[in-house]
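What follows is each chain in one-letter form.
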Amino acid sequence: MTDRKDFKHLQLERLTPKEVREGGFDTAVLPVGATEYHGDHLPYCTDTLMAVALSERFAAEIGTALVLPPVAYGMSLHLIKWPWTMSVRPETLTAIVIDVAESLLAHGITRLLVVPAHDGNPGPIESAARELNDRHGLTVALFSGWQSLGRRLLAGRYDIDLDHGGSSEMSIVLYTAPDLARQQRAVDVPNQQMDHPVRVFGPFSNVVPHGYSGQPSKGSAEEGSAILDAIAAEAGTFLRELAANGWVNGSWMSGIARED
Ligand SMILES: [Zn+2]
């Protein structure tokens, strides 16, 4: 059994102002999940579990960051066909991120990392980030695409899939919330064609008629732990560099010296 790491001391919702004051926090991490059908082997909170688990690790890597309560509703209109999937409109999610960031600004917090764990969320969050920069000069950092990054980082050790409800999401739930995993019910639906060069937007049910795809029977808590550790290490290095550079983009990202 893999030990689950505990980051409760970094969750704003569990703290009182005293602990927040004493923690010296200057950065906020916002997990953005979803409430979504993933087949009978996974809970509706699967994406929220992943968004929180990643956010906790990123906050620990940064060292002075607090994890905000997660947004448990995502932009899931493309999955709305499946029972009890909940969705907010893209503009609603954009507005939530803007409102959270402006609340932080009211408290003098100008460092925000947003961590979605569902493919419908990055677009609306990017809109919010660009709007916030235009309005307030705020630099918002966004981490997305955990499956692709995990697949690259763990190549040769694990075969991380890109599926909705497949082995990688099964692994994350087995590791973060084993009591919510129902791997014994997993029926594999191998996805034979993924990672297309052009994105096509339409109902996901046209592509994946069962509501999920992949081989959830192959997931494991060990794989879930390895995904989280590998991504935290990779992103952590960059996030610390971002923090050291005042949490703004600049020539430190390109190595190109200014001429003015
Ligand atoms: Zn998911």
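Scroll up for the structure.
Residues numbered from 1 in each chain as written. Predicted model: local features only at pLDDT ≥ 70, side-chain atom pairs only at ≥ 80, totals over all residues. Heavy atoms only, no water.

**Some points on helix α4 (residues 122-136)**
Compared with an ideal rise of 1.5 Å per residue, which puts 15 residues at 21 Å, α4 spans 20 Å between its outermost C-alpha atoms and is within 8% of the ideal. For α4, the full list of buried residues reads Pro122, Pro124, Ile125, Ala128, Ala129 and Leu132. Viewed along the axis of α4, the buried residues span an arc of 160 degrees, placing them on a single side of the element. Seen from the open side of α4, the exposed residues pointing more than 90 degrees away from its buried face are Arg130 and Asp134. Those residues of α4 that are buried are in contact with β1 (27-32), α3 (90-106), β3 (112-116) and β4 (140-142). After α4 finishes, the residue Gly137 shows a positive phi value of roughly 70 degrees. (Helix = DSSP H or I, 4+ residues; strand = E, 2+ residues; numbered from the N terminus. Expected span 1.5 Å × (residues − 1). Buried < 20%, exposed > 50% of the residue type's maximum accessible area, 1.4 Å probe, protein only. Arc of directions from axis to C-beta. Contact = heavy atoms within 4.5 Å.)

**A short note on the coordination of the zinc ion**
Around the zinc ion, the protein supplies His38 (NE2), Asp47 (OD) and Glu169 (OE) as donor atoms, at distances of 2.0 to 2.1 Å. Written as a sequence motif, the donor residues of the zinc ion are H-x8-D-x121-E. Here Glu169 lies in helix α6 (residues 167-176) and His38 lies in the loop between β1 and α2 (46-62), a separation of 131 residues in the sequence. For His38, a relative accessible area of 1% puts it in the buried group. A relative accessible area of 5% means that Glu169 is categorised as buried. (Donors = N, O, S within 2.8 Å, 3.2 Å for Na, K, Ca; no water.)

**Details of the sheet that holds β4**
With parallel pairing, the four strands of this open sheet are ordered in space as β2-β1-β3-β4. The sheet is open, and its two borders are formed by β2 (65-67) and β4, each paired with just one other strand. Between one strand and the next, the sheet's axes are offset by a mean angle of 25 degrees, whatever the strand orientation. When β1 meets β3, the two strands line up parallel, connected through five bridges. Looking at the pairing, Ala28 lines up with Leu112 of β3. In the packing of α2 onto the sheet, the strands contacted are β1, β2 and β3, and the crossing angle to β1 comes to about 165 degrees. (Pairing = 2+ DSSP bridges. Axes fitted to C-alpha atoms, helices over the stretch in contact; angles between N-to-C directions.)

**Quick look at the packing of aromatic side chains**
The full count for this structure, using the stated rule, is four aromatic pairs. Considering the side-chain rings of Phe58 and Phe143, the 5.0 Å spacing of their centres and the 65 degrees angle between planes classify their relative orientation as edge-to-face. Here the residue Phe58 occupies a position in helix α2, and Phe143 occupies one in the loop between β4 and α5 (146-153), the gap between them amounting to 85 residues. Grouping residues by exposure puts Phe58 and Phe143 together as buried. An aromatic cluster is defined as three or more aromatic residues linked by ring pairs; in this entry it consists of Tyr37, Trp82 and Phe204. (Phe/Tyr/Trp six-rings, centres within 6.5 Å; stacked < 30°, edge-to-face > 60°.)

**Side note on unusual backbone geometry**
Phi angles above zero are rare outside glycine, and Asp195 is one such case at about 60 degrees. With respect to the helices and strands, the residue Asp195 is situated in the loop between α6 and α7 (221-244). Of note, Trp247 is a non-glycine position whose phi angle comes to about 60 degrees, a positive value. For Trp247, the position within the fold is in the segment after α7. Judged by relative accessible area, Trp247 falls into the buried class, the value being 1%.

**Re the side chain of Gln11**
Within the secondary structure layout, Gln11 lies in the segment before α1 (17-23). A polar contact is formed between the side chain of Gln11 and the side chain of Glu56, at a distance of 2.6 Å. Once residues lying within four places of it in the same chain are set aside, the contact partners of Gln11 are Val52, Glu56 and Val67. (Polar contact = N/O pair within 3.5 Å; in protein donor to acceptor, adjacent residues only side chain to side chain.)

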